[in-house]
There are 2 protein chains.
Amino acid sequence: ERIPFNVKGISSIEDISILRITGGGLIGGFDILHRIFKVLAERNINVILITQGSSEYSLCLAVLPKQTKIAKNVIEQELKNEIRDNQIKEVLIENDLSIIAVVGEDMRHTIGIAGKIFQTMGENGVNLVAIAQGSSELNISMVIHKKDLSKALNVLHTKIFKPNKIECNLFLAGPGLIGSNVLKILEKEIKKYPDDSNIKFKLIGLADIKGYTFNKNGINISNWKSFINKNVIPRNEKKFIDEIINLNLTNSVFVDCTAHDNYVQYYEKLLSSNISVVTPNKIANTSSFELFEKLKDITKNKKSKFKYSANVGAGTPMISVLQDLVAMGDRIHKIEGVFSGTLSYIFNNLKEGKKFSEIVRLAKEQGFTEPDPRDDLSGLDMARKLLILIREAGYKLEFKDIKVENLVPKEAQAAKNIDEFFEILKKFDDKFQMRRIKALKQGKVLCYIASCKNGKAKLGIEEIDSKHPFYNLYGNDNIVAFTTDYYNENPLTLRGRGAGAEFTAHSVFSDILRVLK
Amino acid sequence: ERIPFNVKGISSIEDISILRITGGGLIGGFDILHRIFKVLAERNINVILITQGSSEYSLCLAVLPKQTKIAKNVIEQELKNEIRDNQIKEVLIENDLSIIAVVGEDMRHTIGIAGKIFQTMGENGVNLVAIAQGSSELNISMVIHKKDLSKALNVLHTKIFKPNKIECNLFLAGPGLIGSNVLKILEKEIKKYPDDSNIKFKLIGLADIKGYTFNKNGINISNWKSFINKNVIPRNEKKFIDEIINLNLTNSVFVDCTAHDNYVQYYEKLLSSNISVVTPNKIANTSSFELFEKLKDITKNKKSKFKYSANVGAGTPMISVLQDLVAMGDRIHKIEGVFSGTLSYIFNNLKEGKKFSEIVRLAKEQGFTEPDPRDDLSGLDMARKLLILIREAGYKLEFKDIKVENLVPKEAQAAKNIDEFFEILKKFDDKFQMRRIKALKQGKVLCYIASCKNGKAKLGIEEIDSKHPFYNLYGNDNIVAFTTDYYNENPLTLRGRGAGAEFTAHSVFSDILRVLK
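Here is a short report on the structure shown in this document. Because the structure is predicted, anything quoted here is derived from the model rather than measured.

Attention now goes to the overall build of chain A. Along its length, chain A carries 20 helices and 19 strands. The principal-axis extents of the C-alpha atoms in chain A amount to approximately 105 × 55 × 40 Å. Within chain A, buried positions represent 59% of all 517 residues. Taking the contacts inside chain A whose residues are at least 6 apart along the sequence as the reference set, 69% of them involve residues at least 24 apart. When the accessible surface of chain A is split by element, carbon and sulfur atoms take 48% of a total near 21,300 Å².

So, in structure tokens, the structure goes:
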């Protein structure tokens, strides 16, 4: 990552212009060059940078803006015959440019220096108008657009003088349960810099339900609540996003911790503008397959990344393990999983003979469920997670193609409030018990499983025996099993805790780190 | 990965020289430039490339070698006063250089082009002596050393005209059980190119127990046995490695499928020479911690990678999942695992009440064990795998620090042959049964587990209950459980088949793909 040489300094000239002299007359027209430099010298015009590539009908000279017009005039005057004969074209001028020069020692003998410098520019969206690196060991000069100068100087300084240091500019929407935990992690990380961390995180923008705010120097995270309250601009997602893009900061990451879809429509624009998107929000990946594919395609040739590890399994790296399998040429034939901490907890307790309604109540009391437990019991959230894994596995599938067994009995679906729901649910305890005992007699247990095999995706209660990798699942662990070309007899199984706002926040933070890698 | 613009062509001049004119006189010495070009024009000296960076006391001119001396003479003659006054230094000449020019359309308006071109050069170890990119849209010129020209042209052509295509040059040592399976996979992959694969694999070098051979156009893999028999150069590891380095090919990967340590001493040299090393061989990672650390350090700032996924868990991505946890800032407090398909099989069958010696015999008959099953039962191979995970987790540990319970009874260790070994082992069947029954009474099963907690690493038989993630392990699955800051109540568990030459070969091949990513 670092640029491995002894740089003495980075110098820049904020305002320069380029004169571009083109035409076949430059090739073999041995005397044209000296005539150009002669007339420039006569007028005391300082040529700051010269480049002429091989096999090129073009000479490029950088001069100070105040000398541009006169330089153009004297060159055109001197070459008026060649211009008349179409050997040389009119001298073109480009303004609003800057020069950055990286000056160092032994730059020539270290491989890859130029590549790393220019790569840094490219990754940060800085266009190089002209480049000159002489064979001396001293200088790499770049002509860039003036609007990019401060960003370019910033990233070069960081890359060269703090070779292991990175600056990361964050924009977070939705400081709710997960979002506020992400902010807590960031608060700790910011304190670690520079001694115990190489990444300088700055929270530049923050948006909540009421509005948004920016601080280019970084919002004081310890105090984000009062900062946003004091400085709020009324809610406007479009303006918030536009401002993020206009700021044009290096290593920008937009973190969508909202549960709604207001920002999803802007992911594409952000990613196209070199801004990464990190989110635990499943909406983008579970909308149309078209959108899923489009977001993947955009990031293929971009530095910006779209990361959503927390979409499935909270923090368990189910998505990344699956992505790796696919990338290595393995084919996924079957996916099975329990992707809900709540449903895992319910069925793990059911094994021990407890009443279904009691378990659900206990889960709610411990905060394992949504405010209305029916949102967990419906299986829909787990179905969305299955959909994401299926798509990652390379299959084109829509949400409507998944068959979902709703654990909420029809009668209870209509219940007007939670109390009424629990009253109705009690009536179904015996039904669940009978099902459990029937399975037990065959040495099996019940498990609510999401699966996809031969293109058929479904969620429902299954009876599994002791050889099934989910047999001794417990607590609120999530689990996934991939059956593939290579894991054909026994699946590859990954298991870990699948719930907790702190845990999910760590997963979001890990995605931010992955983006920076 | 691709270079996103319309390149019309790549041209090169094989043989050029550089004249370097330096000195303070160039700054503000407005008339020096035109005097230089005047005298060059008078002598009909064609200046192929010019660069002068900003704030640089240096002008760099590329000319044809036959004109170098005269160019130097006329310039020095013209500037003799400036040279006398130390305003300009003696003109320096550099020979044995080439120029490559990438000529295209709209190169200027696509961000990051220069970076990608120069990055490609750097990654392939091509040093850039001088660069000129004018502000026209036509040309990026690079002066490089002549020895690098063919490699540079090759990688640029691939990168630009086959933007998604990669060439990978492989060198394989040890075409034994795993190695020959790697070759089988490669044979299939080679046939896929270019329609179904973007990677053009070439097996350039092959070494077996008798000797080695090279074919720069790629050895016909379908026929590798007869090829190496016909073309063998007597065994000499050092010469084999030196030749790999001298070939200086792009995307070179050395695949060490031997079971011995003859090549381990060359890993460092290979990695330093931009050649990746992929191996299922555990020797490098289980020797001194110093070597483990050194190999990690070398690849930090190199394009070359050291990959050894098959070291632990055959193909199960235990190492990569662990590396990801560590990279994301999680801390590993405890590692537990079963890393031997053989020992997994033995204890999974023991659960069912079979006799220990019978299970071992069955395992041997099915080819699950080493030729001498004592090599599995000793626990040493599994201890080596634990050592690697511990080191990946960030702990400094040596092999001798691991306490290993040898499952081979003392008496049987001394047995002179396998038959005698089995005879003695039978005597211990009752002892294993008693241990099993004692555990069963507490609802537990026996499992041979490798673990590390609080810096203490050990391997031995443990009694585990149904809440332990290894309780219902079966077949010859491998399993690992990481207890970390975030996976603190229930560990993160990864399970999958842990044996099979084909499976291990796929893991080796996956590492080759990872290197190319």
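Next comes the rest of the description.
Another aspect to go through is the sheet that holds strand 10 (residues 233-234) of chain B. All names here are of chain B. Spatial strand order, 10-9-8-7-11-12-13: seven strands in an open sheet with mixed pairing. Of all strands in the sheet, those with a lone pairing partner are strand 10 and strand 13 (306-307), marking the two edges. Two elements, strand 11 (residues 252-256) and strand 12 (residues 276-278), share three bridges in a ladder whose sense is parallel. What sits directly across from Val255, in strand 12, is Val278. Contacting strand 7 (166-173), strand 8 (199-207), strand 9 (211-214) and strand 11, helix 8 (residues 237-247) runs over the sheet at an angle of about 15° to strand 9. Relative to strand 8, helix 20 (residues 501-516) is tilted by about 120°, and along the sheet it contacts strand 7, strand 8, strand 11, strand 12 and strand 13.

Turning our eyes to something else, we now look at the packing of aromatic side chains. Applying the stated criterion across every chain, the model contains 36 aromatic pairs over all chains. Seen in terms of ring centroids, Phe347 of chain A and Phe356 of chain A are 6.4 Å apart; in terms of plane orientation they differ by 70°. Their pairing is edge-to-face. Both residues of the pair, Phe347 of chain A and Phe356 of chain A, belong to the buried class. Between the aromatic rings of Phe214 of chain B and Phe240 of chain B, the centroid separation amounts to 5.3 Å while the plane-to-plane angle is 35°, which identifies the pairing as tilted.

What follows covers the packing of helix 6 (residues 177-192) of chain B against helix 20 of chain B. For any two helices packed against each other, the geometry comes down to the angle between their axes and how far apart the axes lie. Residue and element names in this part refer to chain B. With their axes 8 Å apart at the nearest point, helix 6 and helix 20 run at an angle of 60° to one another. Relative to helix 20, the element helix 6 is oriented oblique. At the point where helix 6 passes helix 20, the crossing takes the right-handed sense. Where helix 6 abuts helix 20, its residues Leu177, Ile178, Asn181, Val182, Ile185, Leu186 and Glu189 lie against Ala501, Glu502, Thr504, Ala505, His506, Val508 and Phe509. Classifying every residue of the contact of helix 6 with helix 20 by side-chain character gives nine nonpolar, three polar and two charged.

To continue, consider the interface of chain B and chain A. Counting residues at the interface gives 94 residues for chain B and 94 residues for chain A. Taken together, the connections running from chain B to chain A amount to two salt bridges. A salt bridge links Arg514 of chain B to Asp324 of chain A, with the shortest nitrogen-to-oxygen separation between them at 2.6 Å. Where chain B packs against chain A, one counts 22 residue pairs in polar contact (both at pLDDT 80 or more). Sorting elements by how many residues they give to the side of chain B that touches chain A places helix 1 (residues 30-42) of chain B first, with seven residues. Its residues assigned to classes, the side of chain B that touches chain A comprises 40 nonpolar, 36 polar and 18 charged. Taken together, the three bridges between strand 5 (residues 128-133) of chain A and strand 5 (residues 128-133) of chain B define a ladder with antiparallel strand orientation. Residue pairing across strands places Ala132 of chain A opposite Ala132 of chain B, the latter belonging to strand 5 of chain B.

Looking now at the environment of Glu42 of chain B. Summarising the element assignment, Glu42 of chain B is placed in helix 1. As a C-alpha pair, Glu42 of chain B and Val74 of chain B span 32 residues in sequence and 9.5 Å in three-dimensional space.

Another point: the pattern of salt bridges. Overall, the coordinates contain 67 salt bridges over all chains when judged by the stated rule. Residues Arg435 of chain A and Glu405 of chain A are paired through a salt bridge, measuring 3.6 Å at the closest nitrogen-oxygen approach. Placement of Arg435 of chain A in helix 19 (residues 429-441) and of Glu405 of chain A in the loop between strand 15 (403-404) and helix 17 (410-413) is noted, with a sequence separation of 30 residues between them. Residue classification places Arg435 of chain A among the partly exposed positions, given a relative accessible area of 32%. According to the relative accessible area criterion, Glu405 of chain A is partly exposed, its value standing at 27%. Glu398 of chain B is the partner of Arg391 of chain B in a salt bridge, and the nearest nitrogen-oxygen pair spans 3.1 Å. Within this structure, Arg35, Lys38, Glu78 and Glu82 of chain A form a network of salt bridges that share partners.

On to helix 20 (residues 501-516) of chain A, then. Here helix 20 of chain A is 16 residues long and its end C-alpha atoms lie 23 Å apart, about the 22 Å a rise of 1.5 Å per residue gives. For helix 20 of chain A, a buried count of 15 out of 16 residues is recorded, marking the element as mostly surrounded by other parts of the structure.

So, on to the environment of Ile45 of chain B. Along the chain, Ile45 of chain B falls in the loop between helix 1 and strand 2 (49-52). With 356 residues separating them in the primary sequence, Ile45 of chain B and Asp401 of chain B have C-alpha atoms 72 Å apart.

Residues Phe201, Phe254 and Leu386 of chain A together with Phe201, Phe254 and Leu386 of chain B are the most contacted members of the largest nonpolar core, which totals 220 residues. Other than its neighbours up to four places away in sequence, Phe254 of chain A contacts Phe171, Ala173, Phe240, Ile241, Ile244, Tyr263, Tyr267, Leu270, Ile275, Ser276, Val277 and Val278 of chain A. Ranked by size, the runner-up nonpolar core spans 42 residues in total, among them Phe37 and Ala71 of chain A together with Leu40 and Leu61 of chain B.

This part covers the relation of the copies chain B and chain A. Overlaying chain B with chain A gives an RMSD of 0.2 Å, the required rotation being 180° about an axis along which the chain moves by 0.0 Å. Seen this way, the second copy is the image of the first under a two-fold rotation axis.

Our next topic: the packing of helix 14 (residues 356-365) of chain A against helix 18 (residues 418-426) of chain A. Residues and elements named next belong to chain A. Look at helix 14 against helix 18: their axes get within 8 Å of each other, and the N-to-C directions meet at 150°. Looking at the two axes, helix 14 sits roughly antiparallel to helix 18. Residues Phe356, Ser357, Val360, Arg361 and Lys364 of helix 14 pack against Ile418, Phe422, Leu425 and Lys426 of helix 18. Residue composition of the contact of helix 14 with helix 18, grouped by class: five nonpolar, one polar and three charged.

Let us now look at the state of the cysteines. According to the stated counting rule, one finds zero disulfides over all chains in the structure shown. Note on Cys447 of chain B: no disulfide assigned, nearest cysteine sulfur contributed by Cys452 of chain B at a separation of 17 Å.

Turning our attention to the side chain of Glu94 of chain B. Of note, Glu94 of chain B is situated in strand 4 (residues 92-105). At 3.3 Å, the side chain of Glu94 of chain B forms a polar contact with the side chain of Arg20 of chain B.

On to the sheet that holds strand 10 (residues 233-234) of chain A. Residues and elements named next belong to chain A. Spatial strand order, 10-9-8-7-11-12-13: seven strands in an open sheet with mixed pairing. Across the chains shown, the open sheet's two edge strands, defined by having one partner strand only, are strand 10 and strand 13 (306-307). Relative to strand 8 (residues 199-207), strand 7 (residues 166-173) is paired through eight bridges, and the arrangement is parallel. By the bridge assignment, Glu167 is partnered in strand 8 with Lys200. Relative to strand 9 (residues 211-214), helix 8 (residues 237-247) is tilted by about 15°, and along the sheet it contacts strand 7, strand 8, strand 9 and strand 11 (252-256).

Thresholds, definitions, all that
Residues numbered from 1 in each chain as written. Chains lettered and ligands numbered in written order. Predicted model: local features only at pLDDT ≥ 70, side-chain atom pairs only at ≥ 80, totals over all residues. Heavy atoms only, no water. Helix = DSSP H or I, 4+ residues; strand = E, 2+ residues; numbered from the N terminus. Buried < 20%, exposed > 50% of the residue type's maximum accessible area, 1.4 Å probe, protein only. Contact = heavy atoms within 4.5 Å. Areas by Shrake-Rupley, 256 points an atom, 1.4 Å probe, with all protein chains shown as cover. Pairing = 2+ DSSP bridges. Axes fitted to C-alpha atoms, helices over the stretch in contact; angles between N-to-C directions. Phe/Tyr/Trp six-rings, centres within 6.5 Å; stacked < 30°, edge-to-face > 60°. Parallel < 35°, antiparallel > 145°, perpendicular 65-115°, else oblique. Left-handed = near helix turned anticlockwise from the far one by under 90°. Nonpolar A, V, L, I, M, F, W, Y, C, P; charged D, E, K, R; others polar. Salt bridge = Lys/Arg side-chain N within 4 Å of Asp/Glu carboxyl O. Polar contact = N/O pair within 3.5 Å; in protein donor to acceptor, adjacent residues only side chain to side chain. Expected span 1.5 Å × (residues − 1). Core = buried A, V, L, I, M, F, W, Y, C linked by side-chain atoms within 4.5 Å. Least-squares fit on C-alpha atoms with pLDDT ≥ 70 in both. Disulfide = S-S within 2.5 Å.

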